[in-house]
Amino acid sequence: MWEVNMNSQHRKRKAAVGILLGSILFLTAVRVAFGPLYYVNHTDSAPHGLYLPKLGAGLSKGGFVIVKLPVDVPALDVSKGFLLLKQVQGLAGDSYEVTETELSMDGAAYPIQRTAKLPQLQPGSYEIPKGKVLVLNLPADSFDSRYLGPVDQELIVRSCQVHALMPMMQFSVAPWRILDEKHLEIGRASCRERVSSPV
């Protein structure tokens, strides 16, 4: 009886170890075949959260992508190939303009900080060449195409989307970071009204 229990426990352990090793091998094979399985963003340049691959998704304006940094940037302590989470804002054939203070495209302006420590684009009007995209996040301090210019599509690791059920997802962005002056003032007026009205 004792020997039967030991054999049964031994088989269960072997099965558990086999399942564990099989799972590890499977996940490793998937990672090798398809790249990173997820990306966790904890920076303020995009909504915080866990981003999962969007399988079979092509590039589209507004979609998030994981892209490899095309150059070393010692000022930010990052090397070529570092993974960034960015939003596609321009596709091949789209036009954009660079001034001393901003990159503008489709009515949106992305501020540029002029400093010798970061790569800089020359002021002028440009068209995105074939095989490249502009990746621009909303925050003013985001390091993206406003410094790098169009990014080669081959540097895009994958399209992704935020996983809405993760507790660390950010559900909002500070209004002054995304609203134009007219809509921001409407929000401010609403807040003043709520604060000043008696309870």
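Keep in mind the model is a prediction, meaning the values are calculated, not measured. (Residues numbered from 1 in each chain as written. Predicted model: local features only at pLDDT ≥ 70, side-chain atom pairs only at ≥ 80, totals over all residues. Heavy atoms only, no water.)

**Regarding the overall build of the protein**
And step 1. Tallying secondary structure elements over the protein gives four helices and 11 strands in all.
And step 2. Here the protein holds 199 residues, and the buried ones make up 28% of them. (Helix = DSSP H or I, 4+ residues; strand = E, 2+ residues; numbered from the N terminus. Buried < 20%, exposed > 50% of the residue type's maximum accessible area, 1.4 Å probe, protein only.)

**Re empty space enclosed by the protein**
And step 1. Evaluation of the coordinates by the stated rule reveals one cavity of 30 Å³ or more.
And step 2. Looking at the largest cavity, its volume works out to about 40 Å³.
And step 3. V67, K68, L69, P70, L84, K86, V135, F143, D144, L148 and V151 together form the lining of the largest cavity.
And step 4. For the lining of the largest cavity, the secondary structure elements donating two or more residues are β3 (64-68) and β4 (83-90).
And step 5. Here the lining of the largest cavity is built from residues that sort into eight nonpolar, no polar and three charged. (1 Å grid on protein atoms, 1.4 Å probe; cavity = no way out; pocket = protein on both sides within 12 Å on 5 of 7 lines; lining within 4 Å. Points joined across faces, edges and corners; volume = space filled by probe spheres on them. Nonpolar A, V, L, I, M, F, W, Y, C, P; charged D, E, K, R; others polar.)

**Quick notes on the pattern of salt bridges**
And step 1. As enumerated under the stated definition, the model contains four salt bridges in all.
And step 2. Among the salt bridges present, the one from D94 reaches K61, with a minimum N-O distance of 2.9 Å. Note that D94 is positioned in the loop between β4 and β5 (95-98) and K61 in the loop between β2 (49-53) and β3, a separation of 33 residues in sequence.
And step 3. The salt bridge involving D106 is made with K61; its shortest N-O contact spans 3.0 Å. One end of the pair, D106, is in the loop between β6 (102-105) and β7 (108-111); the other, K61, is in the loop between β2 and β3, and 45 residues separate them in sequence.
And step 4. Counted as one network, the salt bridges with shared partners bring together K61, D94 and D106. (Salt bridge = Lys/Arg side-chain N within 4 Å of Asp/Glu carboxyl O.)

**Describing a nonpolar patch on the surface**
And step 1. Taken together, the side chains of V17, L20, L21 and I24 define a hydrophobic patch exposed on the protein surface, amounting to about 380 Å² of accessible area.
And step 2. With respect to the element layout, L20 can be found in helix α1 (residues 2-34).
And step 3. Here L20 falls in the exposed class, since its relative accessible area comes to 52%. (Patch = residues over 30% accessible without salt bridge, like charges linked within 9 Å, V, L, I, M, F, W, Y side chains within 5 Å. Areas by Shrake-Rupley, 256 points an atom, 1.4 Å probe, with all protein chains shown as cover.)

**Some words on the side chain of S142**
And step 1. Turning to its location among the elements, S142 is positioned in the loop between β9 (132-135) and α2 (145-148).
And step 2. Apart from the residues lying within four places of it in its own chain, the contact partners of S142 are S45, K86, N137 and Y147. (Contact = heavy atoms within 4.5 Å.)

**Details of the side chain of D94**
And step 1. In terms of polar contacts, D94 uses its side chain to reach the side chain of K61, at 2.9 Å.
And step 2. Here L91 takes part through its backbone nitrogen, which lies 2.9 Å from a polar atom of the side chain of D94. (Polar contact = N/O pair within 3.5 Å; in protein donor to acceptor, adjacent residues only side chain to side chain.)

**Examining the layout of surface pockets**
And step 1. Within this model, the largest pocket holds a volume of roughly 380 Å³.
And step 2. Contributing to the lining of the largest pocket are 21 residues, with T43, S45, L84, K86 and F143 lying nearest its centre.
And step 3. Tallying contributions element by element places β4 first for the lining of the largest pocket, with four residues.
And step 4. Partitioning the lining of the largest pocket into residue classes produces 12 nonpolar, six polar and three charged.

**Looking at the pairing of β9**
And step 1. Relative to β9, β4 is paired through two bridges, and the arrangement is antiparallel. Among the inter-strand pairings, V88 is bridged to a residue of β9, identified as V135.
And step 2. As judged from the two bridges shared by β9 and strand β10 (residues 151-152), these two strands associate in the antiparallel manner. By the bridge assignment for β10, K132 is matched with D152. (Pairing = 2+ DSSP bridges.)

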